[in-house]
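# Architecture and fold: a report
Chain residues, written in single-letter form:
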Amino acid sequence: MPMPPPPDLSSLSLADVARLAGERRLPPVASWNPAHCGHSDMRIARDGTWFHQGSPIGRAAMVRLFSTILRREDDGRHVLVTPVEKLDIDVEDAPFVAVEMKVEGEGVDADIAFRLNTGDLVPAGPHHAIRFEERGDGPHPYLHVRDGLEALIARALYYDLAALALDNGSDPPGIWSGGAFFPIAPQ
């Protein structure tokens, strides 16, 4: 059965986003423990582009499908897992990229949801934390997606988050979402 196209974040309320995220059924990859079979010849670039044997995967539905069987191992490796095989996949930064953001409310009452490059919707909050990592080329903001998998928050959205943090007057500067506070300075 083909995967449905991703929903349009701008047309949804954050209550709709939370409902859709809760209804999403993913394969139970955490419970699958097949033998390791090698490398998948796949890689996820820093910008979220998926490659197979050096060529970009152009079908968005295929990327969405592969993303549902992605798992992060305890040693930090990323693998594609089915009930019968486990294959390594190279990930340059994070396996997902948050490409769109919607905010409702202000300050401590704010709720923020993100749409990922795979079409997944993720409401930020206690179970989907936002964190910031400082590197030589500047801050790198991340959103926890599931089971150790993260999304790099696109640079344009980072600037929107920084503006929210400065506008809400918190000390230290940070973002509220779903009742949780996320400081924008790396901890």
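The text that follows walks through the structure, step by step, so that each part is easy to find. The shown structure was predicted, so the numbers you read here are calculated from the model rather than taken from an experiment. (Residues numbered from 1 in each chain as written. Predicted model: local features only at pLDDT ≥ 70, side-chain atom pairs only at ≥ 80, totals over all residues. Heavy atoms only, no water.)

## Re the packing of aromatic side chains
If you walk through the whole model with that rule in mind, you get four aromatic pairs. Ring centres 6.4 Å apart and planes at 15 degrees place the aromatic pair Trp 50 and Phe 66 in the stacked group. One end of the pair, Trp 50, is in strand S2 (residues 50-52); the other, Phe 66, is in helix H2 (residues 60-67), with 16 residues separating them in the sequence. A residue is classified by how much of its surface remains accessible, and Phe 66, at 22% relative accessible area, is partly exposed. Cluster of aromatic residues (ring-pair linked, three or more members): Phe 132, Tyr 158 and Tyr 159. (Phe/Tyr/Trp six-rings, centres within 6.5 Å; stacked < 30°, edge-to-face > 60°. Helix = DSSP H or I, 4+ residues; strand = E, 2+ residues; numbered from the N terminus. Buried < 20%, exposed > 50% of the residue type's maximum accessible area, 1.4 Å probe, protein only.)

## Regarding the pairing of strand S7 (residues 96-104)
Looking at chain direction, S7 and strand S12 (residues 149-153) are connected through three bridges and run parallel. Paired with Phe 96 across the bridge in S12 is Ala 151. When S7 meets strand S8 (residues 111-116), the two strands line up antiparallel, connected through six bridges. Following the sheet pairing, Glu 104 is matched in S8 by Asp 111. In this structure, the hairpin formed by S7 and S8 is closed by a connection of six residues, where Gly 105 is found at a positive phi of approximately 85 degrees. (Pairing = 2+ DSSP bridges.)

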